[in-house]
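Listed below are the residues making up each chain.
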Amino acid sequence: ACAEAQVDSLVDEGNPRQRIAVVHNGVDIDRFRVDGDARVSMRRRWQLSETAPLVGIVASHRREKRHDRFFKLMSALTLIVPNVRGVCVGGGPLLDANRLVAEERGLESVVQLVGPVDDIVAAYNACDVVVLLSESETLPLSIMEAQACGVPVVAMRTGGVEETFADGRSGFLVAQGDHGGAVKKVAELLADRSL
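What comes next concerns the included structure. Along each chain, residues carry numbers from 1 onward, in the same order as the chain's sequence is written. For a predicted model such as this one, the threshold for reporting local features is a pLDDT of at least 70, and the threshold for listing and counting side-chain atom pairs is 80 or more; totals across whole chains, interfaces and linings nevertheless cover every residue. To get the side-chain values, all heavy atoms of the structure are used, and hydrogens and water are removed first.

1. Here's the deal with the overall build of the protein chain
To keep things clear, this is the line we draw: Helix numbers and strand numbers start at the N terminus; a helix is a DSSP run of H or I with at least 4 residues, a strand a run of E with at least 2. Computation of the radius of gyration draws on C-alpha atoms alone. For the globule rule, the value is 2.2 Å times the number of residues to the power 0.38.
Counting its secondary structure elements, the protein chain contains seven helices and six strands. Counting from the amino terminus, helix and strand elements in the protein chain follow one another as α-α-β-α-β-α-β-α-β-α-β-β-α. Here the protein chain has a C-alpha radius of gyration of 17 Å; the compact-globule value for 195 residues is 16 Å, and the two agree. The principal-axis extent of the C-alpha atoms belonging to the protein chain is close to 55 × 35 × 30 Å.

2. As for the packing of helix H3 (residues 67–77) against helix H7 (residues 179–191)
Rules: To obtain each axis, a line is fitted to C-alpha atoms, and for helices this fit is confined to the stretch in contact; angles are then taken between N-to-C directions over 0 to 180 degrees. In what follows, roughly perpendicular refers to angles from 65 to 115 degrees, roughly parallel to angles under 35, roughly antiparallel to angles over 145, and oblique to any angle outside these ranges. Handedness of a helix crossing follows the sense of rotation of the near helix relative to the far helix, less than a right angle counterclockwise being left-handed and clockwise being right-handed. When checking whether two residues touch, look at their non-hydrogen atoms; a contact exists if any pair is within 4.5 Å. Note that Gly is not counted as nonpolar here; it falls among the polar residues with everything else outside the nonpolar set of Ala, Val, Leu, Ile, Met, Phe, Trp, Tyr, Cys and Pro and the charged set of Asp, Glu, Lys and Arg.
Following both chains from N to C, one finds H3 and H7 inclined at 55 degrees, their axes separated by 10 Å at the closest point. Between H3 and H7, the crossing angle belongs to the class labelled oblique. Every pair of crossing elements has a handedness; the one defined by H3 and H7 is right-handed. The residues of H7 that touch H3, namely those facing Lys-72, Leu-73, Ala-76 and Leu-77, are His-179, Ala-182, Val-183, Val-186 and Ala-187. Residues that form the contact of H3 with H7 fall into these classes: seven nonpolar, one polar and one charged.

3. Quick look at the pattern of salt bridges
Spelled out, the test is: Whenever a carboxyl oxygen of Asp or Glu lies within 4 Å of a side-chain nitrogen of Lys or Arg, that contact is scored as a salt bridge.
Enumeration according to the criterion identifies 14 salt bridges in this entry. Residue Arg-63 is joined to Glu-135 by a salt bridge in which the shortest nitrogen-to-oxygen separation is 2.6 Å. Residue Arg-63 is located in the loop between strand S1 (54–58) and H3, and its partner Glu-135 is located in the loop between strand S4 (129–132) and helix H6 (141–148); the two are separated by 72 residues in the primary sequence. Here Asp-68 makes a salt bridge to Arg-66, at a shortest N to O gap of 2.9 Å.

4. Some details on the packing of aromatic side chains
Selection rule: Planes of paired rings set the category: under 30 degrees apart is stacked, over 60 is edge-to-face and the rest tilted, where pairs are Phe, Tyr or Trp rings (Trp by its six-membered ring) whose centres lie within 6.5 Å. Whether a residue is buried, partly exposed or exposed follows from its accessible area with a 1.4 Å probe, protein chains only, as a fraction of its type maximum: under 20%, in between, or over 50%, in that order. Throughout this description, the term charge over a ring refers to an Arg CZ or Lys NZ atom that lies within 6 Å of the ring centre and within 35 degrees of the ring normal.
Evaluation of the coordinates by the stated rule reveals two aromatic pairs. Consider the rings of Phe-32 and Tyr-124, whose centres lie 6.1 Å apart with planes at 65 degrees: the pair is edge-to-face. A residue pair is termed long-range when its members are at least 10 positions apart, and Phe-32 in the loop between helix H1 (7–12) and helix H2 (36–45) and Tyr-124 in helix H5 (residues 120–126) qualify at 92 residues. Judged by relative accessible area, which is 1%, Tyr-124 ranks as buried. Here the guanidinium or amino end of Lys-185 rests over the ring plane of Phe-172, the centre of that ring lying 4.4 Å away.

5. Concerning the nonpolar core
To be explicit about the condition: Residue types Ala, Val, Leu, Ile, Met, Phe, Trp, Tyr and Cys, when buried and joined through side-chain atoms within 4.5 Å, form a set referred to as a nonpolar core.
Residues Val-55, Phe-70, Leu-73, Leu-77, Val-111, Val-131 and Val-186 are the most contacted members of the largest nonpolar core, which totals 30 residues. Elements with a minimum of two residues in this core: S1, H3, helix H4 (95–104), strand S3 (111–115), S4, strand S5 (153–156), strand S6 (171–174) and H7. For this core, the element with the highest residue contribution is H7, accounting for six residues. If we ignore the near neighbours within four places in the chain, the residues touching Val-55 are Phe-70, Leu-73, Met-74, Leu-77, Val-84, Arg-85, Gly-86, Val-87, Val-129, Val-131, Val-186 and Leu-190. Grouped together as the second largest cluster of nonpolar side chains are 27 residues, Met-42, Leu-48, Val-58 and Cys-149 included.

6. Side note on the sheet that holds S4
Strand-to-strand pairing in sheets goes through backbone hydrogen bonds, with the strands running parallel or antiparallel. What counts is decided by this rule: The criterion for strand pairing is that DSSP finds at least two bridges linking the strands in question.
The parallel open sheet is built from six strands, whose spatial order is S3-S2-S1-S4-S5-S6. A strand with exactly one partner marks an edge of an open sheet, and here the two such strands are S3 and S6. Between one strand axis and the next, the sheet turns through 20 degrees on average, direction left out of account. Strand direction decides the pairing type here: strand S2 (residues 85–89) and S3, joined by four bridges, are parallel. In the sheet register, Cys-88 faces S3, and the bridge partner there is Leu-113.

Everything listed here is a matter of geometry and, on its own, says nothing about what the molecule does.
Structure, rendered in structure tokens:
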């Protein structure tokens, strides 16, 4: 298993508990690291100012990743965080459908759906906060990679998410489906650089 939270489901599938070992996913910290030049470069590529507060989600466009929650989050943040912008990084079967959803919600000037990128490290570095709003996960790499790049995370509790970081130290956990809690924590991080 790649997470403690995965063990019970593997047992439910008929695997003997005593034969299951947990080996957590890892991140290459020589590759995923803080890089100010990459931050500037990617923001220029995305035509964003260096100072615009930027919230990112790095996830395949699939139903369980809940990009709809990201759009709702960004709609709320536009009311309380001046000049906030969002970016969705990743491909997947719902990418085109999610583009339409963003347009229908009037977010085309706020959120960019950039698809897959050739420099994921620069993409993380460009963000001020990375979120994960999935309804199900095992042990997501995206929030571990973001942390390795020095970017705080806000994530909803599911699967092994809470095994990936220390709540209140490298980001914040909120309850599954807690939209208000996610908005509050992201806004706090954007308002307070020292935090």
